[in-house]
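Working through the structure, step by step
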Amino acid sequence: MEESLEDRRLALAFLERGDEGAFRALYRRHSPRLNQFLLRLLGGRERDAEDALQETWMRAVERLRQFRWESSLRTWLGGIALNCARERRRQDEGGEASEMGEAAAPHVEREIDVDRLEGAIAGLPDGFREVLVLHDVEERTHEEIAQMLGIAVGTSKSQLSRARRALRVRLGEGGHEQQAV
Amino acid sequence: MNSKPSEELSPQEQRALAALPRERAPRPELEERVVAALQARGLLHRHRPGGVRRWIGLAAGLAAAFLLGYWLGARREPEPPPQPPLGQWLLLLYENQGPWPADLTEADMPRIVEEYRSWARENAVGGERLELRGNRISLVAGEIDSQIVPGPEDALYLGGFFVIQAQNLEQARTIAETCPHLKYGGIIEIREIADMTE
């Protein structure tokens, strides 16, 4: 794929010569996507997302020489970003949030405002939000998610089901906060 | 999606999720912050220092007059010095007059010129080519001595120069080693430009 070749060319220029221009090109190619991903994982907290994005690049540069190009650079960077976001949350919150109650909620059959959806995702417990963002927004497979999160594929599937139910509850509430249990 | 049909997304839900933005550019300041942090950890160089080019021995004697003729128009605008402590260094580009490497033709010239252009954009703050024919005299105690100024007909002659910025000779050498001039058989002499400011 052409995009992948360009990533590889830039990465090689950076590794061989410490080329600042090549790094900046890589940064500009991937940071908008990573930034949005991190913002969503971190519930819209921009400062945390920035810190996590910086840490993502620091780690990526340190490990780039070991990257085997068996996946796309975007996928690889996304995995690093996910870990950075998780660590950032632990620092801020002192641990993973508890899960939300999953009262049955019907499918949303009316059009959904994007801002409202974004708010509902941001309000999900961390575990639900991760799986839902990775699967339904980033379009990762359950196999990829299982690998990234260190969980079983079945767990990823069940977490997604519960995350979707929790999301529908939030959307059905008209944006009111739901108490985590 | 999900294995249980009842937990599949409704069309409205699918549309809403698809409409979520996938990209959001970070603040421009963050790029500078990341670059500075990488430089502080020694993971990124301000200029491309690079190692010795693999192709230094590629060819002796590319016709420099032809090359530098193209190069003049390709020279880039100087950029401001990145750091005050950096000194200026002159790279004197000497040319070998000899047969072209067998694997290069005149058709390769645009690509070679682009290599010089690209290198200058990344590394130099100035540069000129020197006129290759005529107007070459030497004055020795007021007397013209044309014998001591080599030209294209000579085995080695000065064809142009670049001005770069570096903190010391080692850094200047490292930068010079990345110049495509070496790869095409040229010779680079590095001289420090004296700082005459107060």
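Please refer to the structure placed before this passage.
The notes below deal with the structure included here. None of the values given here were measured: they were computed from a predicted structure.

Reading guide: rules and limits
For every chain, the first residue of its written sequence is number 1, and the numbers climb from 1 along that sequence. Chains and ligands are labelled sequentially in the order written, the chains with letters from A and the ligands with numbers from 1. The predicted origin of the model limits local features to residues at a pLDDT of at least 70 and limits the giving and counting of side-chain atom pairs to 80 or more, whereas totals for whole chains, interfaces and linings rest on all residues. To get the side-chain values, all heavy atoms of the structure are used, and hydrogens and water are removed first. Where helices and strands are cited, they refer to DSSP runs of H or I of at least four residues and of E of at least two residues respectively, numbered from the N terminus. Here the term buried applies to any residue with accessible area under 20% of the maximum for its type, exposed to any over 50%, and partly exposed to those in between, with areas from a 1.4 Å probe on protein chains only. Any two residues whose heavy atoms approach within 4.5 Å are treated as being in contact. Here the accessible surface of atoms and residues is derived via Shrake-Rupley with a 1.4 Å probe, and residues count as covered only by protein chains that are part of the display. Only the stretch in contact is used when fitting a helix axis, every axis being a line fitted to C-alpha atoms; angles between N-to-C directions are given from 0 to 180 degrees. Roughly parallel here means an angle under 35 degrees, roughly antiparallel means over 145, roughly perpendicular means 65 to 115, and every remaining angle is called oblique. When the near helix sits turned anticlockwise from the far one by under a right angle, the crossing is termed left-handed; a clockwise turn instead gives a right-handed crossing. Strand pairing is assigned whenever DSSP identifies at least 2 bridges connecting the two strands. A helix is expected to reach a length of 1.5 Å times the quantity of its residues less one. To obtain the bend at a residue, axes are fitted to the seven residues ending there and to the seven starting there, and the angle between these axes is taken. Polar contact criterion, stated in full: a pair of N or O atoms within 3.5 Å, where within protein one must be able to donate a hydrogen and the other to accept it, and residues adjacent in sequence count only if both atoms are side-chain atoms. Pairing of aromatic side chains here covers Phe, Tyr and the six-membered ring of Trp, requires ring centres within 6.5 Å, and sorts the geometry by plane angle: under 30 degrees stacked, over 60 edge-to-face, intermediate tilted. Here, nonpolar core means buried Ala, Val, Leu, Ile, Met, Phe, Trp, Tyr and Cys residues that are tied together by side-chain atoms lying within 4.5 Å of each other. Domains are outlined according to an automatic or database domain assignment. Nonpolar residues are Ala, Val, Leu, Ile, Met, Phe, Trp, Tyr, Cys and Pro. Charged residues are Asp, Glu, Lys and Arg, and all others, Gly as well, are polar. The term buried area means the drop in 1.4 Å probe accessible area that two parts suffer when joined, counted for both and summed. For this document, the term salt bridge refers to a Lys or Arg side-chain nitrogen within 4 Å of an Asp or Glu carboxyl oxygen.

Moving on to the overall build of chain A. Secondary structure assignment for chain A yields eight helices and zero strands. Secondary structure elements of chain A occur, N-terminal to C-terminal, as α-α-α-α-α-α-α-α. Split into buried and exposed, the 181 residues of chain A put 52% on the buried side. Considering only contacts within chain A whose residues lie at least 6 apart along the sequence, 68% involve residues at least 24 apart. Entry remark: accessible area of chain A is about 8300 Å², with carbon and sulfur atoms responsible for 47%.

How two helices sit against one another is set out by the angle between their axes and by the gap between those axes. Residues and elements named next belong to chain A. Where helix H2 (residues 20–41) contacts helix H3 (residues 46–63), the axes come no closer than 10 Å and their chain directions differ by 135°. Looking at the two axes, H2 sits oblique to H3. H3 is crossed by H2, and the crossing has right-handed handedness. Contact residues: H2 offers Phe23, Leu26, Tyr27, His30, Ser31, Leu34, Asn35, Leu38 and Leu39, while H3 offers Glu46, Ala49, Ala52, Leu53, Thr56, Trp57 and Val61.

For a regular strand, side-chain orientation follows a simple rule: the groups alternate between the two sheet faces. Residue and element names in this part refer to chain B. The buried fraction of strand E2 (residues 124–129) is high, at five of six residues. Taken together, the five bridges between E2 and strand E5 (residues 156–166) define a ladder with antiparallel strand orientation. Residue pairing across strands places Arg129 opposite Gly160, the latter belonging to E5.

Before going further, it helps to examine H2(A). Residue and element names in this part refer to chain A. Between its terminal C-alpha atoms H2 stretches 29 Å, which fits the 32 Å expected from 22 residues at 1.5 Å a residue. The sharpest bend along H2 comes to roughly 45°, located at Ser31, with the proline Pro32 sitting one to four residues further on. The buried fraction of H2 is high, at 18 of 22 residues. Capping of H2 at its N-terminal end is provided by Asp19; its side-chain oxygen lies 2.8 Å from the backbone amide nitrogen of Gly21. Of the residues one or two after H2, Gly43 is the one with positive phi, at around 65°.

The next subject is the packing of aromatic side chains. The description of two aromatic rings rests on the distance between their centres and on the angle between their planes. Residues and elements named next belong to chain A. Considering all chains together, one arrives at seven aromatic pairs over all chains under this definition. Relative to Tyr27, the ring of Phe23 has its centre 6.2 Å away and its plane inclined at 45°; by these criteria the two rings are tilted. Here Tyr27 and Phe23 lie together in helix H2, a separation of four residues that amounts to about one turn. On the basis of relative accessible area, Tyr27 is assigned to the buried category, the value being 3%.

Right, let's get into the nonpolar core. Phe23(A), Trp57(A), Leu73(A), Trp76(A), Leu117(A), Ile121(A) and Leu167(A) are the most contacted members of the largest nonpolar core, which has 61 residues in total. Looking at which domains feed residues into this core, each of domain 1 (2–93) and domain 2 (97–181) of chain A gives three or more. By size, the runner-up hydrophobic cluster in this structure holds 20 residues, among which are Met109(B), Trp119(B), Phe162(B) and Ile164(B).

Moving on to the packing of helix H5 (residues 114–122) of chain A against helix H8 (residues 153–172) of chain A. All names here are of chain A. Orientation of H5 relative to H8, taken along the N-to-C sense of each, is 125°, at an axis distance of 9 Å. The angle between H5 and H8 falls in the class oblique. H8 is crossed by H5, and the crossing has right-handed handedness. Residues Arg116, Leu117, Ala120 and Ile121 of H5 lie in contact with H8, whose contacting residues are Leu167, Arg170, Leu171 and Gly172. Residues of the contact of H5 with H8, tallied by class, amount to five nonpolar, one polar and two charged.

A few words on the interface of chain B and chain A. Taken together, the 41 residues of chain B in the interface contact 48 residues of chain A. Of the roughly 4300 Å² buried where chain B meets chain A, counting both sides, 52% is carbon and sulfur surface. Area buried by chain B at its contact with chain A is led by Arg22(B), Arg24(B) and Glu31(B), which between them contribute 16% of it. At the boundary of chain B with chain A, the tally comes to eight salt bridges. Notably, a salt bridge pairs Glu32(B) with Arg24(A), separated by 2.9 Å at the nearest N-O pair. In this structure, the connection of chain B to chain A is made through 15 residue pairs in polar contact (both at pLDDT 80 or more). Counting only elements with at least two residues in the side of chain B that touches chain A, the list comes to helix H1 (11–19) and helix H2 (28–40) of chain B.

Here the structure, examined in full by the defined rule, presents 30 salt bridges over all chains. Glu50(A) is the salt-bridge partner of Arg27(B), the closest N and O atoms lying 2.5 Å from each other. Note that Arg27(B) is positioned in the loop between H1 and H2 and Glu50(A) in helix H3, a pairing that runs across two chains. Across the pair Glu138(A) and Arg74(A) runs a salt bridge whose closest N-O atoms are separated by 3.9 Å. In this pair, Glu138(A) sits in the loop between helix H6 (126–137) and helix H7 (142–149) while Arg74(A) sits in helix H4 (residues 73–93), placing the two residues 64 residues apart along the sequence. In this structure Glu138(A) comes out as buried when scored by relative accessible area, which is 5%. Residue classification places Arg74(A) among the partly exposed positions, given a relative accessible area of 32%.

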